[in-house]
Amino acid sequence: MESAPRNIEVKPLSSSTMLITWEPPETPNGQVTGYKVYYTTNPNQPEASWDSQMETNDMTTISELTPHAIYTIRVQAFTSMGAGPLSNPVQVKAQQGVPSQPSNFRATDVGETAVTLQWSRPTHSGENIVHYELYWNDTYANEQHH
């Protein structure tokens, strides 16, 4: 009986990239020629609709992941006889990343000595934005402020 890849391990490299490693099947149906790594945030969908990539080694990185999302990962070995069984699913949560930049940054009320600034919170902001930092230059005094 052919077995699936085993000991799947996932290590976050950043908020949007993970390293996935595994060991070959204990009993492959012939010489393993490659692997297919499946990953999704919606494991109720059939594997054919999951994101996937082919690999020749027993490791890969997946990127452009959504911070905080929970991903389900499965690995499948291929031999000259075709596709083997899928590994057991492994679930992992993508790390919290640094926020993306705020959008719609604008000056709404400009006076002689003051200006009111507004912006929209970043799309990928994680759970809590602790604070915003504002940097500006005074071109007349040739000074930078924070």
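Residues numbered from 1 in each chain as written. Predicted model: local features only at pLDDT ≥ 70, side-chain atom pairs only at ≥ 80, totals over all residues. Heavy atoms only, no water.

On to the nonpolar core, then. As a rule of thumb, soluble globular proteins bury nonpolar side chains together. Core analysis: the biggest nonpolar cluster contains 17 residues, and V10, M18, I20, W22, I62, Y71 and I73 have the highest contact counts within it. Of all the elements in the fold, those that place two or more residues in this core are strand 1 (6–12), strand 2 (18–23), strand 3 (32–40) and strand 6 (70–79). At four residues, the largest contribution of residues to this core is made by strand 6. If we skip the residues at most four places from it in the chain, M18 touches V10, K11, P12, L13, T60, T61, I62, L65, Y71, V92, K93 and A94. (Core = buried A, V, L, I, M, F, W, Y, C linked by side-chain atoms within 4.5 Å. Buried < 20%, exposed > 50% of the residue type's maximum accessible area, 1.4 Å probe, protein only. Helix = DSSP H or I, 4+ residues; strand = E, 2+ residues; numbered from the N terminus. Contact = heavy atoms within 4.5 Å.)

Attention now moves to the layout of surface pockets. As a volume, the largest pocket reaches approximately 190 Å³. Along its surface, the largest pocket is lined by P99, S100, Q101, P102, F105, W119, P122, I129, H131, Y132, E133 and L134. Grouping the constituent residues of the lining of the largest pocket by class yields eight nonpolar, three polar and one charged. (1 Å grid on protein atoms, 1.4 Å probe; cavity = no way out; pocket = protein on both sides within 12 Å on 5 of 7 lines; lining within 4 Å. Points joined across faces, edges and corners; volume = space filled by probe spheres on them. Nonpolar A, V, L, I, M, F, W, Y, C, P; charged D, E, K, R; others polar.)

A full pass over the atoms with the stated rule returns three aromatic pairs. Here a set of aromatic residues connected by ring pairs shows up, and it is made of F105, W119 and Y132. (Phe/Tyr/Trp six-rings, centres within 6.5 Å; stacked < 30°, edge-to-face > 60°.)

Turning our attention to the environment of I73. As for its placement among the helices and strands, I73 is situated in strand 6. In sequence terms I73 and V115 are 42 residues apart; their C-alpha atoms lie 50 Å from each other. Apart from residues lying up to four places away in sequence, I73 is in contact with V10, I20, V37, Y38, Y39, I62, N88, P89, V90 and V92.

Relative to the elements of secondary structure, T40 occurs in strand 3. Taking the relative accessible area as the measure of exposure, T40 reaches 10% and is therefore buried. Side-chain polar atoms of T40 contact the backbone nitrogen of N42, separated by 2.9 Å. Leaving out residues up to four positions away in the same chain, T40 has contacts with W50, I70, Y71 and T72. (Polar contact = N/O pair within 3.5 Å; in protein donor to acceptor, adjacent residues only side chain to side chain.)

The next thing to look at is a nonpolar patch on the surface. A contiguous nonpolar patch, built from F105, W119, Y132, L134 and W136 and spanning about 500 Å² of accessible area, is present on the exposed surface. Relative to the assigned elements, W119 resides in strand 10 (residues 115–120). A relative accessible area of 31% places W119 in the partly exposed class. (Patch = residues over 30% accessible without salt bridge, like charges linked within 9 Å, V, L, I, M, F, W, Y side chains within 5 Å. Areas by Shrake-Rupley, 256 points an atom, 1.4 Å probe, with all protein chains shown as cover. Salt bridge = Lys/Arg side-chain N within 4 Å of Asp/Glu carboxyl O.)

All right, on to the pattern of salt bridges then. Tallying each qualifying case throughout the model produces three salt bridges. Note that R6 is salt-bridged to E23, the shortest N-O span being 3.0 Å. Residue R6 is found in strand 1, and its partner E23 is found in strand 2; the two are separated by 17 residues along the sequence.

Read from one edge of the open sheet, three strands run 1-2-5, paired in antiparallel fashion. Looking at which strands have only one partner, the edges of the open sheet turn out to be strand 1 and strand 5 (59–62). Each strand of the sheet is rotated relative to its neighbour by a mean of 20 degrees, with strand direction disregarded. The pairing of strand 2 with strand 5 spans four bridges and is antiparallel. Looking at strand 5, one finds that T21 is bridged to M59. (Pairing = 2+ DSSP bridges. Axes fitted to C-alpha atoms, helices over the stretch in contact; angles between N-to-C directions.)

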